[in-house]
Amino acid sequence: GQQLNQSPQSMFIQEGEDVSMNCTSSSIFNTWLWYKQEPGEGPVLLIALYKAGELTSNGRLTAQFGITRKDSFLNISASIPSDVGIYFCAILISGNTPLVFGKGTRLSVIA
Amino acid sequence: SQTIHQWPATLVQPVGSPLSLECTVEGTSNPNLYWYRQAAGRGLQLLFYSVGIGQISSEVPQNLSASRPQDRQFILSSKKLLLSDSGFYLCAWSSGDRDQPQHFGDGTRLSIL
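My aim in this report is to walk through the structure given alongside it, one point at a time. Computed from a prediction, not measured in an experiment: that's the story for all the values here.

All names here are of chain B. Pairing is antiparallel in the open sheet, where 4 strands are placed in the order β1-β3-β8-β7. Edge positions in the open sheet fall to β1 (3–7) and β7 (65–70), since each of these has one partner strand only. Sheet twist, expressed as the mean angle between neighbouring strand axes with direction ignored, is 20 degrees. The pairing of β1 with strand β3 (residues 19–26) spans 5 bridges and is classified as antiparallel. Within β3, the residue paired with T3 across the bridge is E26.

Laid out in structure tokens, this is it:
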């Protein structure tokens, strides 16, 4: 099946720093999604991207759908302690098939 | 608006006991439904998904089974739990429409003793 390469696997950053993480695939997809999972909770959708080259923001979060349609990036600006969690990228292959998830980036913010 | 409910939130069960986790969705009809398992600090492993009542697709061979007795109800079961069944179980739903993301419940933390 399809696999996504998500990196980095984990990050330890100082509060106030910017964060960048990415996902790549070997195939072209039309929908990229980014989720955040806080400890002990289910993942929550942050941003959905539907068009190659699309750049979408959600507060301090910005995600881009790569122009090749094989990658996506998530940036967090001016990190704060509540940004802690696991960030997952995901791709949607078709309407009735499950999402394919990356293995996640675990973010720790040091105050 | 749509909501998804999972229960119980936490469960401690002895090895060899049965299991039943329930998930219901409100505010939508004919959703796609999913069960995932997550080991501590790890990624999401898809266990089952369903596109309609009585339609279950299994992704990995295992000690668990799933059923969808009603349109918006998804149940995860086991007849005899193993130690390796411990983990965080997540239910999710999505619209069957094109390009719609999945939305997750709050999860059930299952500990097997």
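Let's shift gears to the environment of L33 of chain A. Tracing the chain through its elements places L33 of chain A in strand β4 (residues 32–37). Distance in space between the C-alpha atoms of L33 of chain A and R69 of chain A is 12 Å, their sequence separation being 36 residues. Residues within four places of L33 of chain A in sequence aside, it is in contact with L45, I47, A48, F88, C89, A90 and L99 of chain A together with P101 of chain B.

The next thing to look at is the packing of aromatic side chains. By the definition in use, this model includes 9 aromatic pairs over all chains. Considering the side-chain rings of Y34 of chain B and Y36 of chain B, the 6.4 Å spacing of their centres and the 35 degrees angle between planes classify their relative orientation as tilted. What makes Y36 of chain B buried here is its relative accessible area of 1%. Judged by centre distance (6.3 Å) and plane angle (25 degrees), the rings of Y34 of chain B and Y49 of chain B are stacked. Of this pair, Y34 of chain B sits in strand β4 (residues 32–38) while Y49 of chain B sits in strand β5 (residues 45–52), placing them 15 residues apart in sequence. Both residues of the pair, Y34 of chain B and Y49 of chain B, belong to the buried class. Members of the aromatic cluster, each reached through a chain of ring pairs, are Y35, F88 and F101 of chain A together with Y34, Y36, Y49 and F104 of chain B.

Moving on, we come to the interface of chain B and chain A. Taken residue by residue, the interface counts 26 residues in chain B and 22 residues in chain A. Taken together, the links from chain B to chain A amount to 0 salt bridges. Counting across the interface, chain B meets chain A through 2 residue pairs in polar contact (both at pLDDT 80 or more). Mapped onto the side of chain B that touches chain A, the elements with two or more residues apiece are β4, β5, β9 (87–94) and β10 (103–104) of chain B. The element that contributes the greatest number of residues to the side of chain B that touches chain A is β4 of chain B, accounting for 4 residues. Residues belonging to the side of chain B that touches chain A are distributed by class as follows: 10 nonpolar, 10 polar and 6 charged.

Criteria and cut-off values
In this convention, every chain numbers its residues from 1, walking through the sequence in written order. Think of it this way: whatever chain is written first is A, whatever ligand is written first is 1, and the rest follow in order. Local features are withheld for residues below a pLDDT of 70 in this predicted model, meaning they are given only at 70 or higher, and side-chain atom pairs are given and counted only at 80 or more; totals for whole chains, interfaces and linings count all residues. Based on all heavy atoms of the structure, the side-chain values leave hydrogens and waters out of the count. A pair of strands counts as paired when DSSP detects no fewer than two bridges linking them. Runs of H or I in DSSP of at least four residues are treated as helices and runs of E of at least two as strands, each being numbered from the N terminus. Fitted lines through C-alpha atoms give the axes, limited to the stretch in contact for helices. The angle between two N-to-C directions lies from 0 to 180 degrees. The criterion used for residue contact is that any of the two residues' heavy atoms lie within 4.5 Å. Side-chain rings of Phe, Tyr and Trp, where Trp is taken by its six-membered ring, are said to pair if the distance between their centres is within 6.5 Å; with planes under 30 degrees apart they count as stacked, over 60 as edge-to-face, and otherwise as tilted. Exposure classes here rest on a 1.4 Å probe applied to the protein chains alone. A residue is buried below 20% of its type maximum, exposed above 50%, and partly exposed in between. By convention in these notes, a salt bridge is any Lys or Arg side-chain nitrogen within 4 Å of a carboxyl oxygen on Asp or Glu. Polar contact criterion, stated in full: a pair of N or O atoms within 3.5 Å, where within protein one must be able to donate a hydrogen and the other to accept it, and residues adjacent in sequence count only if both atoms are side-chain atoms. All residues other than Ala, Val, Leu, Ile, Met, Phe, Trp, Tyr, Cys, Pro, Asp, Glu, Lys and Arg, Gly among them, are scored as polar; the first ten of these are nonpolar and the last four charged.

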